[in-house]
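Summary of structural features
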Amino acid sequence: MRKHTRAALLCVAAALTLTACAAGKGGGANSDAAAAPGKDDKLTLTVWSNYSDREYEEVTKALKTFNKKFPNIEIKHEGSQDDDKITAGIRSGNTPDVALSFTTDNIGSFCSTGAFQPLKPYLDRDKVDLNQISPAVRDYTEYKGNRCAMPMLTDVYAMYYNTGMFSDAGISAPPKTLDELFEDAKKLTKKSANGDIEVAGYLPTMGFYANRPTILAPNFGAEWATADGKSGLSTSPGFTEMMTFQKKLVDFYGFDQLERFRAGLGQEYSADHAFHQGKIAIMMDGEYRTAFLKAQAPQIKFNTAPFPTWKPADYGTAFTTGTIMGIPKGAKNPGAAWELIKHLSFDTDTIVDLSNAIKNVPSTKAAMDSPKLEVDEQFKTFIDLAKSDKLKGNPVTPIGDAHIKAVTDFAAEYTSGKVPDLAAGLKKVDQSIDDQIAKSGK
Amino acid sequence: MTATLGARPAPGRGRARARHRLAVLGFMAPALIGFVLFFGYPLIATVVFSFTKYDLINAPEFTGLDNYTFMFKDDLLIKSLTNTLWFVLVLTIARTVFALGVASVIARLKSGVGLIRTLCYLPSLAPPVAATLVFFMVLRPNDGPLDKLLDLFGLQSPLWFSDPSWAKPGITAIMLWISGDLMIIILAAILDVPQEQYEAAELDGAGPIRRWWHVTLPTISPVLLFGIVNSVILALQLFTQAVVAGSAASGSADTTGSTKYLGFPENSTLTFPVYLYTKGFRQFDMGYAAAMATVLFIISFGVTIVLVQRMRKNSSAEEGGPGA
């Protein structure tokens, strides 16, 4: 028996040692800027992104433009790599030189854990002027002053409306206030003889498509944090207004009827999207939808405008997020990786060509002003919003998207009528977010 | 095939005994190494990480019981645990009863047995993502085939994966559809019951139901216990179907890299493993995820022990019963 105990203890000790060794593994984060490659240096840069199909081809083309500056650097672009794979790559030492992440939700974690290397040494060394990028976009690419990513184009959100349905309903201009939005939504809604919704003027289900608290927040003047850095949903009148307004719309439709209608709608990025099918008349969405609509639903006549705001003075505000680029911890060629990131962040021709190809908003002021940028009537709304100083970025925390999930879950429950006390509910969400941030210790 | 190691050496012949032990160890080595590498080490590592703050990137920091105490104020953890326990209870019973029922019917068929057996087994070969999406499309309100069929009779189907009260039953229905593997195992056990026992029971005047109850059921009870344990483990690990059904119903099946939609609707499909994955890999809190995994392991281990002990008790009661 004693022998067995000893053997078991030995096994546990060995496992503990292995665990400690394995946990400590991973390349070091550099505090100094790695040297840029020489003009004739031959090396291969691996780039991971989550692009696929046509967008993958276009981004690959953009990456190849780097060869004008460094002809001997080969770029290996691997698509369909999400944040899970990036993290697993860093963990296992199989790290790309440049990682492109589709979501800015993880920027707090990437910067605070060192998963993405700090870019300040490079920015300082190369005297990069970050003012070329709008403050909101700068905000969602750093955490607590630690810039660990740069933007590759941006997404800006605004209102889409079906112009055919507007004329049929006798509406001459897009709504600018919440009251106008509510009245227009009522006029545009069509129901069948048995009361089923056939067309929703505006779909208020929280969390569905782009009707999300994060995206709506700027239009309600909602603030995520208090001055002392705590979660501030319950103290921000904007969040209360947002929930109240959305619930008012849900009550207009009737929650059960609305859910039956919503449950039959298509997926967000498919040709079955409800707006493509003419099943919703007004919606919030990003600029990329203009390309989707023209390709997948050319029969839909639509236009875009800034989304209505709670306070008239805020009209022209919008939410922004986008693809971010970083140098993962343990990257083999950080110096060359930075040169590629700098190229994609600031080379106007590359940004404009890519923007024209995948219909995203350029991330620099020079690219937005470029005469080569293809701007039609619908896309212009997004460019104007991106140039505005009212643009607001994604809230950044070190807990991934846990805070966004908490708010979205609560909003869905509240608008369904299951939460009687809005203020108490928001306080509970605040507490949950603060607890998780405190636990992260970041 | 048998392996012969030779006779056990007499006591006192130390070198021979050592050689014998080495030979035994040599034969056991592949299994032992596999066990240590793929079970022992990960298990111990998980327990160790559960006492740390570990973000997967930097070395873990010891935080004592923080991860475990945080569980008591984590509403989503409670919700996910409740969801998983619901599946353990409902799915285990439903899957075992369903597989037993189908197997019993097939065992009594006189013709077309091969075809029906194949048809019942086939769905279990479908990839879980595809199976879930097929179910989602079939049960989809407004334009799904089931809803259209019900519409002919003036009825409406429930909102299945969009209604928090129906989402878990919807997933259970998928799991039943793909339970052909268990059905085949139970069918084999039923067909293995000695024919003489049925004949004896028939001579004693037992009808088909009594024969099934008093002959079939007791004979296949070890296989049923396996089915129950297997279903409990399946329910405790339920992941893919919950994620796919939730994402598709939320309209975001084609959106990658976001946890915001996991658990849709209203976290009714947020199972314990889904939440564990979210915390560990999406929110960079592997220490907490490890603590959750430890809790899951303890629960699984406890449930299995209880079931096995119950089974042993039943077997010994039967062996020691009248006529034994």
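Everything quoted here is computed from the prediction, not taken from an experiment.

**Regarding the overall build of chain B**
From N to C terminus, chain B includes 14 helices and 2 strands. Against the compact-globule benchmark of 20 Å for 324 residues, chain B has a radius of gyration of 25 Å, which places it well outside the compact range. Principal-axis analysis of the C-alpha atoms gives chain B an extent of 80 × 70 × 35 Å. Buried positions account for 35% of the 324 residues belonging to chain B. Put simply, of all contacts in chain B between residues at least 6 apart along the chain, 68% involve residues at least 24 apart.

**Some thoughts on the overall build of chain A**
Helix and strand counts for chain A stand at 18 helices and 12 strands. Projected onto its principal axes, the C-alpha coordinates of chain A cover approximately 75 × 70 × 40 Å. The burial tally for chain A puts 52% of its 442 residues in the buried class. Put simply, 75% of the contacts in chain A that link residues at least 6 apart link residues at least 24 apart.

**Regarding the packing of helix α9 (residues 195-203) of chain B against helix α10 (residues 208-219) of chain B**
All names here are of chain B. As a packed pair, α9 and α10 sit with axes 10 Å apart at the nearest point and diverge in direction by 140°. As judged from the angle between their axes, α9 and α10 are oblique. Of the two possible hands of crossing, α9 and α10 adopt the one that is right-handed. Across the interface between the two elements, Gln-197, Tyr-198, Ala-201 and Glu-202 of α9 pack against Arg-211, His-214 and Val-215 of α10.

**Topic: the UniProt feature "transmembrane region" (unreviewed entry) in chain B**
Residue and element names in this part refer to chain B. UniProt marks residues 22-44, 85-107, 119-139, 170-191, 212-236 and 286-308 with the feature "transmembrane region" (unreviewed entry), using the numbering shown here. As a span, residues 119-139 carries 71% helix and 0% strand, and end to end its C-alpha atoms are 21 Å apart. Between the end C-alpha atoms of residues 212-236 there is a gap of 31 Å, over a span that is 96% helix and 0% strand.

**Considering the interface of chain B and chain A**
Taken together, the contacts link 41 residues of chain B with 49 residues of chain A. Of all the elements in the fold, those that place two or more residues in the side of chain B that touches chain A are α1 (14-49) and α13 (272-282) of chain B. Ranked by residues supplied to the side of chain B that touches chain A, first place goes to α1(B) with 6 residues. Within the side of chain B that touches chain A, the residues separate by chemical class into 17 nonpolar, 14 polar and 10 charged.

**Looking at the packing of helix α7 (residues 164-177) of chain B against helix α12 (residues 240-249) of chain B**
Residue and element names in this part refer to chain B. Where α7 contacts α12, the axes come no closer than 10 Å and their chain directions differ by 125°. The angle between the axes of α7 and α12 places the two elements in the oblique class. When you trace α7 past α12, the crossing you get is right-handed. Facing Ala-167, Gly-170, Ile-171, Ile-174 and Met-175 of α7, the residues of α12 in contact are Gln-241, Ala-242 and Ala-245. Tallied by class, residues from the contact of α7 with α12 come to 6 nonpolar, 2 polar and no charged.

**Structural notes on the pairing of strand β10 (residues 302-305) of chain A**
Residue and element names in this part refer to chain A. Burial of the side chains of β10 is restricted to one face: Phe-302 and Thr-304 are buried, whereas none of Asn-303 and Ala-305 on the reverse face is. As paired strands, strand β6 (residues 150-162) and β10 are joined by 4 bridges and run antiparallel to one another. Among the inter-strand pairings, Tyr-160 is bridged to a residue of β10, identified as Thr-304.

**As for the confidence of the model for chain A**
Looking at chain A, pLDDT values average 91 and 93% of them are 70 or higher. Element-level pLDDT for chain A is lowest in helix α1 (residues 2-23) of chain A, with a mean of 55, against a maximum mean of 98 in β10(A).

**A short note on the domain arrangement of chain A**
All names here are of chain A. Under the domain assignment, chain A is made up of domain 1 (3-154 + 321-379) and domain 2 (156-319). Contacts between domain 1 and domain 2 engage 8 residues on the former and 9 residues on the latter. Tallying contributions element by element places helix α16 (residues 377-387) first for the side of domain 1 that touches domain 2, with 3 residues. Counted by class, the side of domain 1 that touches domain 2 contains 2 nonpolar, 4 polar and 2 charged residues.

**Re the nonpolar core**
A:Val98, A:Ile282, A:Met325, A:Ala337, B:Ala103, B:Ile186 and B:Ala245 are the most contacted members of the largest nonpolar core, which totals 181 residues. It is helix α3 (residues 75-108) of chain B that provides the largest number of residues to this core, a total of 10 residues. Two domains each donate at least three residues to this core, and these are domain 1 (3-154 + 321-379) and domain 2 (156-319) of chain A. Each residue touching A:Met325, except ones within four places of it in the same chain, is listed here: A:Val98, A:Leu100, A:Ala149, A:Met150, A:Met152, A:Ile341 and A:Leu344.

**Focus on the environment of B:Val244**
Residue and element names in this part refer to chain B. The topology assignment puts Val-244 in helix α12. Taking the C-alpha atoms as reference points, Val-244 and Ala-131, separated by 113 residues in sequence, lie 9.8 Å from one another. If we skip the residues at most four places from it in the chain, Val-244 touches Val-129, Thr-132 and Leu-133.

**A closer look at unusual backbone geometry**
Residues and elements named next belong to chain B. For the peptide bond that leads from Phe-264 to Pro-265, omega is -5°, which places it in the cis range. Its place among the elements puts Pro-265 in the loop between α12 and α13. Despite not being glycine, Asn-267 has its phi angle at roughly 65°, a positive value. Positionally, Asn-267 belongs in the loop between α12 and α13.

**Quick notes on helix α17 (residues 402-415) of chain A**
Residue and element names in this part refer to chain A. With 14 residues, α17 extends 20 Å between its outermost C-alpha atoms, agreeing within 8% with the 20 Å of an ideal straight helix rising 1.5 Å per residue. Burial of α17 is extensive: 13 of the 14 residues sit out of reach of the surface. Taken from the residues just after α17, Gly-417 is the one with a positive phi, measuring 90°.

Quick notes on the rules
- Residues numbered from 1 in each chain as written.
- Chains lettered and ligands numbered in written order.
- Predicted model: local features only at pLDDT ≥ 70, side-chain atom pairs only at ≥ 80, totals over all residues.
- Helix = DSSP H or I, 4+ residues; strand = E, 2+ residues; numbered from the N terminus.
- Rg over C-alpha atoms; globule rule 2.2 N^0.38 Å.
- Buried ≥ 20, exposed ≤ 12 C-beta atoms within 10 Å, placed from the backbone.
- Contact = placed C-beta atoms within 7 Å.
- Axes fitted to C-alpha atoms, helices over the stretch in contact; angles between N-to-C directions.
- Parallel < 35°, antiparallel > 145°, perpendicular 65-115°, else oblique.
- Left-handed = near helix turned anticlockwise from the far one by under 90°.
- UniProt positions renumbered as here; feature names shortened; annotations may be inferred.
- Nonpolar A, V, L, I, M, F, W, Y, C, P; charged D, E, K, R; others polar.
- Pairing = 2+ DSSP bridges.
- pLDDT = per-residue confidence, 0-100.
- Domains from an automatic or database assignment.
- Core = buried A, V, L, I, M, F, W, Y, C linked by C-beta atoms within 7 Å.
- Expected span 1.5 Å × (residues − 1).

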